[in-house]
Amino acid sequence: MTGETKLTNLQGNHACALAAISAGCDFYAGYPITPSSEVAERMSVELPRIGGTFIQMEDEIASMAAVLGAAMGGAVAMTATSGPGFSLKQENIGLGIITETPCVIVNVMRGGPSTGMPTRPGQGDIMQARWGTHGDHPVVALAPASVAEVWSETRRAFAIAEAVRTPVILLIDEVVGHLVETVAVDANPEPVTGRVWAEGDPANFQPYEAGPSLVPAMAKPGDGRRAHMTGLTHGPDGFPTQDPATASAMLTRLFDKIETHNSLIERFEAIDCEDADIVIVAYGISARAARRATSLARKAGLRVGLFRPVTLWPFPETAFRTATKSAGRILVAEMNAGQLRMEIERLTSENQHVEGVNRFDGEPITPEAILTAIDQSKEQAA
Amino acid sequence: MTQLQKTSFKASDYRSDNTPIWCPGCGDFHVLLSITKALVELGTAPENVAVVSGIGCSSRIPAYTNCYGFHGVHGRSLPLGAGLKVARPDLTVMVMSGDGDGFSIGGNHFLHACRRNVDMTYVVMDNRVYGMTKGQPSPTTEPDWDSALSPGGTGLSPFHPLVIALASGANFVAREFSGDIKGTTRTLVEAVRHPGFSFVEILSPCVTFRPDERAWKTQIHAAPVEATDDPARAARRIMTDDGFNVGVLYRGNRKPYNTHVKDTAGDPAILEEEFEI
């Protein structure tokens, strides 16, 4: 990295595609869906230029499967979709988690459920990102709030996926995806650090044996190592097992692996929280409105802070608890019926009152709506 | 890096130590043997072969080979194999499936894999039944086959994979019988060598839930005519044959899928300039 930056006008979805290429992404498989198609369109132009591969698949499930296949082969792979497509990808996302296949899944969130409002924004896939695939599993999901952050979080998504050997979900809401902003990007961005490939004697290679990092080195097909990847519960040798101790050890390591890399994964912003009576929790475009609202509230003499998780999963619990130490009231502003609020309620004490500022009509939350909620909350507290 | 490269292999080099979970007498044992024999003839090192599968009895096969194995979710082995092959054209990719995995839940991928024509080999072990879930009708099951899930039969017209492969653009179409190890091996070798998407349907009896399929070995016979390169003629033959003639039925000459064929977007600098201020 030279430190040199250049100013560019970019749409969020294009920033995602360009940041992916800058991070080293050389494979994209996807299926057309609003409002994420610009990611695929940009990738279809950019990837052939760098000798990468763009492939339009027959459906969302196939796109996710192709990403896993390519990533196993050594590609730095991604796909992008929106609500209905995100639902269809879930089973293969689980396969990516259990086989520890690095990849990035972008979900440009629109209004739901079902077909919902395809051209309208929403933040209703927060819990689907967390629990969309079946069974116990860890998840990494990031939610950028600006085009600049789409750039940095896309790069970070690849860095995490490659280093930790896990699928990473990037939750961009439609507003951020289609927003055009002036951003300062690295003039000479460097690819993210690549994944750890297995070295040494191929004869005794165990594809799921992990050292202290808890991330097993990957076997590259063709390099002489025998590796068996399976969605069945498996031991260090990669072969299916129903042995309780081995099954437990596999899943425990998958969880611990994410926790071990928390410093790489966790990202949040806490603004004016130290003395706050009220803390707003918001992410994505809702956090932009919340930022404006907190700043206006401060000017009006109110002690209001903002806690903005950039990493939604795993939720930055400790940081949140620290940021809300002095707050008796917490407002969770999100474009859904209160999905992150459930998590916040879990993390607060009985002395802290949690309420939501929610909207799910296809329109973003305004600073005024949050200000009104702050006023009401203040009155209730008094 | 002066490691000696092995240039010739034995069938056992392609077999892992894992014991198959298949029932005694399952046709898939013979398919596994034919695959290892075909790989010996092809001479490709085990590590340069990727065996990809979905879910079902036949999909357990990667674990029994010594190749790079990927055992994915139900029905999605073809797109996974396609992603691997386009990212790694240097690998020999063999996708393994069964009639339930490949033609029911994976049916859409089958159509598009044929038309996309990625250079890989698709082997479907067809036993006309869901074996792993203990005997339910599959897309290739006869309409009057009685089971706990289909009392009196499904009454549904069976799926015709070979004809559908032809209509969808597969570049190589063959039918084999698992018990004919010599013929199956020969066809698999040719299928792997043939450019583009090669589809080999192997009739592989399920002796547990379809004991009637034990009779297949007496019904099998060689295809009476040479393979054609005309898909319409091949389709007509297949639709009117007795379903038991084996061998290569169609050899096409379509160009395999290539992601690096076009560069119509022009100079990247032009696009960048549009956005820079």
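These numbers were taken from a predicted model, which means no experiment stands behind them. (Residues numbered from 1 in each chain as written. Chains lettered and ligands numbered in written order. Predicted model: local features only at pLDDT ≥ 70, side-chain atom pairs only at ≥ 80, totals over all residues. Heavy atoms only, no water.)

(A) The arrangement of the overall build of chain A in detail. Helix and strand content of chain A: 13 helices and 16 strands. Taken against the 2.2 N^0.38 rule, which gives 21 Å for 382 residues, the C-alpha radius of gyration of chain A at 21 Å falls within 12% of a compact globule. Oriented by its inertia axes, the alpha-carbon framework of chain A measures out at about 70 × 50 × 45 Å. Residues counted as buried form 59% of the 382 residues belonging to chain A. (Helix = DSSP H or I, 4+ residues; strand = E, 2+ residues; numbered from the N terminus. Rg over C-alpha atoms; globule rule 2.2 N^0.38 Å. Buried < 20%, exposed > 50% of the residue type's maximum accessible area, 1.4 Å probe, protein only.)

(B) Just the interface of chain A and chain B, in detail. With 51 residues of chain A at the contact, the number on the chain B side is 44 residues. Area buried by chain A at its contact with chain B is led by Arg 49, Glu 58 and Arg 226 of chain A, which between them contribute 17% of it. Counting the contacts that link chain A with chain B gives 1 salt bridge. Where Glu 58 of chain A meets Arg 116 of chain B, a salt bridge forms, and the shortest distance between an N and an O atom there is 2.7 Å. Counting the contacts that link chain A with chain B gives 16 residue pairs in polar contact (both at pLDDT 80 or more). Of all elements in the fold, only strand S1 (5-11), helix H1 (12-23), helix H2 (37-49), strand S3 (53-56), helix H3 (60-72), helix H4 (83-99) and strand S10 (228-230) of chain A reach the threshold of two or more residues within the side of chain A that touches chain B. Judged from the 3 bridges that link them, S10 of chain A and strand S2 (residues 68-71) of chain B form a sheet pairing that is parallel. Counterpart to Met 229 of chain A in the pairing with S2 of chain B is Phe 70 of chain B. (Contact = heavy atoms within 4.5 Å. Buried area = accessible area lost by both parts, 1.4 Å probe. Salt bridge = Lys/Arg side-chain N within 4 Å of Asp/Glu carboxyl O. Polar contact = N/O pair within 3.5 Å; in protein donor to acceptor, adjacent residues only side chain to side chain. Pairing = 2+ DSSP bridges.)

(C) Structural view of unusual backbone geometry. All names here are of chain A. Backbone torsion omega between Gly 112 and Pro 113 reads 0°, so that peptide bond is classified as cis. Along the polypeptide, Pro 113 turns up in the loop between strand S5 (103-111) and strand S6 (117-121). Cis peptide bonds are those with omega within 30 degrees of zero, and the linkage from Trp 313 to Pro 314 qualifies with -5°. With respect to the helices and strands, the residue Pro 314 is situated in the loop between strand S14 (311-313) and helix H11 (317-323). The backbone of Leu 214 sits at a positive phi, close to 65°, despite the residue not being glycine. In this structure, Leu 214 sits in the loop between strand S9 (180-186) and S10.

(D) Inspection of the nonpolar core at higher detail. Within the largest apolar cluster, 93 residues are counted, with the highest numbers of intra-cluster contacts made by Phe 27, Val 281, Trp 313, Leu 340 and Ile 344 of chain A together with Phe 197 and Phe 199 of chain B. Ranked by residue count, the leading element in this core is H3 of chain A, at 9 residues. The contacts of Phe 197 of chain B, once residues within four sequence positions are left out, are Leu 78, Ala 113, Cys 114, Asn 117, Val 118, Asp 119, Met 120, Tyr 122, Ala 170, Asn 171 and Phe 172 of chain B. (Core = buried A, V, L, I, M, F, W, Y, C linked by side-chain atoms within 4.5 Å.)

(E) Layout of the sheet that holds strand S5 (residues 172-177) of chain B. Spatially, 9 strands are ordered S10(A)-S2(B)-S1(B)-S3(B)-S4(B)-S6(B)-S5(B)-S8(B)-S7(B) in an open sheet, and the strand pairing comes out mixed. Bordering the open sheet on either side are S10 of chain A together with strand S7 (221-222) of chain B, each of which pairs with just one other strand. Two strands pair when backbone bridges link them, and strand S1 (residues 49-53) of chain B and S2 of chain B are joined in this way by 4 bridges, in the parallel orientation. When the bridges of S2 of chain B are listed, Val 51 of chain B appears paired with Gly 69 of chain B. This element, helix H8 (residues 231-240) of chain B, spans S5 and strand S8 (245-251) of chain B of the sheet and lies at about 160° to S8 of chain B. (Axes fitted to C-alpha atoms, helices over the stretch in contact; angles between N-to-C directions.)

(F) Expanded view of the packing of aromatic side chains. Residue and element names in this part refer to chain B. The full count for this structure, using the stated rule, is 17 aromatic pairs over all chains. Between the aromatic rings of Trp 22 and Tyr 64, the centroid separation amounts to 5.1 Å while the plane-to-plane angle is 85°, which identifies the pairing as edge-to-face. Of the two residues, Trp 22 sits in the segment before helix H1 (28-42) while Tyr 64 sits in the loop between S1 and S2, which places them 42 residues apart along the sequence. Here Trp 22 and Tyr 64 have matching classes, each one buried. (Phe/Tyr/Trp six-rings, centres within 6.5 Å; stacked < 30°, edge-to-face > 60°.)

(G) Structural view of the pairing of S3 of chain A. Residue and element names in this part refer to chain A. Side chains Thr 53 and Ile 55 project from S3 onto a buried face, and the interleaved Phe 54 and Gln 56 project onto a face without burial. Bridge analysis of strand S2 (residues 27-30) against S3 gives 4 bridges, and the strand direction is parallel. Directly across from Gly 30, in S3, lies its bridge partner Gln 56. For the segment spanning S2, H2 and S3, crossover handedness is right-handed. (Right-handed = clockwise from strand over helix to strand, strands pointing away.)

(H) Fine view of the confidence of the model for chain B. All names here are of chain B. In the predicted model, chain B carries a mean pLDDT of 93, and the fraction of residues at 70 or more is 91%. Segment residues 262-266 is flagged for pLDDT under 50; beyond a separation of four residues in sequence, or across chains, it makes 5 contacts in the model. Two numbers describe this predicted complex: its pTM, 0.95, and its ipTM, 0.94. (pLDDT = per-residue confidence, 0-100.)

(I) Expanded view of the pattern of salt bridges. This model, assessed by the stated rule, comprises 33 salt bridges over all chains. With its nearest N and O atoms 2.8 Å apart, the salt bridge here joins Arg 298 of chain A to Asp 275 of chain A. Separated by 23 residues along the polypeptide, Arg 298 of chain A in helix H10 (residues 285-299) and Asp 275 of chain A in the loop between strand S11 (268-271) and strand S12 (278-282) bring together distant segments of the chain. With relative accessibility at 24%, the residue Arg 298 of chain A sits in the partly exposed group. Between Arg 175 of chain B and Asp 241 of chain B there is a salt bridge, with its nearest N and O atoms 3.1 Å apart. Taken as a pair, Arg 175 of chain B in strand S5 and Asp 241 of chain B in the loop between H8 and S8 lie far apart in primary sequence, 66 residues in all. The class for Arg 175 of chain B is buried, based on a relative accessible area of 3%. Connected through salt bridges with shared partners, the residues Arg 128, Glu 142, Arg 210, Asp 212 and Glu 213 of chain B form a single ionic network.

(J) Geometry of helix H2 (residues 77-87) of chain B. The element H2 of chain B is extensively covered by neighbouring structure, given that 10 of its 11 residues are classed as buried. Listed as buried for H2 of chain B are Ser 77, Leu 78, Pro 79, Leu 80, Gly 81, Ala 82, Gly 83, Leu 84, Lys 85 and Val 86 of chain B.

(K) How the structure looks around the side chain of His 234 of chain A. All names here are of chain A. As for its position among the elements, His 234 is in the loop between S10 and helix H8 (244-260). Only 3.4 Å separates the side chain of His 234 from the backbone oxygen of Ile 98, close enough to count as a polar contact. Within the structure, the side chain of His 234 is placed 2.7 Å from the backbone oxygen of Leu 232, a separation counted as a polar contact. Among residues more than four places away in sequence, those in contact with His 234 are Ile 98, Tyr 208, Phe 239, Pro 240, Thr 241, Thr 246 and Met 250.

(L) Summary view of the domain arrangement of chain A. Each assigned domain of chain A is listed here: domain 1 (5-186), domain 2 (202-263) and domain 3 (268-381). The centre of domain 2 of chain A, based on its C-alpha atoms, is set 39 Å off from the matching centre of domain 3 of chain A. (Domains from an automatic or database assignment.)

(M) Broad picture of the sheet that holds strand S16 (residues 353-358) of chain A. Residues and elements named next belong to chain A. Strands sit in the order S11-S13-S12-S15-S16 across an open sheet of 5 strands; the sheet is mixed. Each edge of the open sheet carries a strand with a single partner, namely S11 and S16. Pairwise comparison of adjacent strand axes, ignoring direction, gives a mean angle of 20° for this sheet. Bridge analysis of S12 against strand S13 (residues 304-309) gives 4 bridges, and the strand direction is parallel. Each bridged residue has a counterpart across the sheet, and for Val 281 the counterpart in S13 is Phe 307. Sitting on the sheet, H10 touches S11, S12, S13 and strand S15 (329-334), and the angle it makes with S13 is about 160°.

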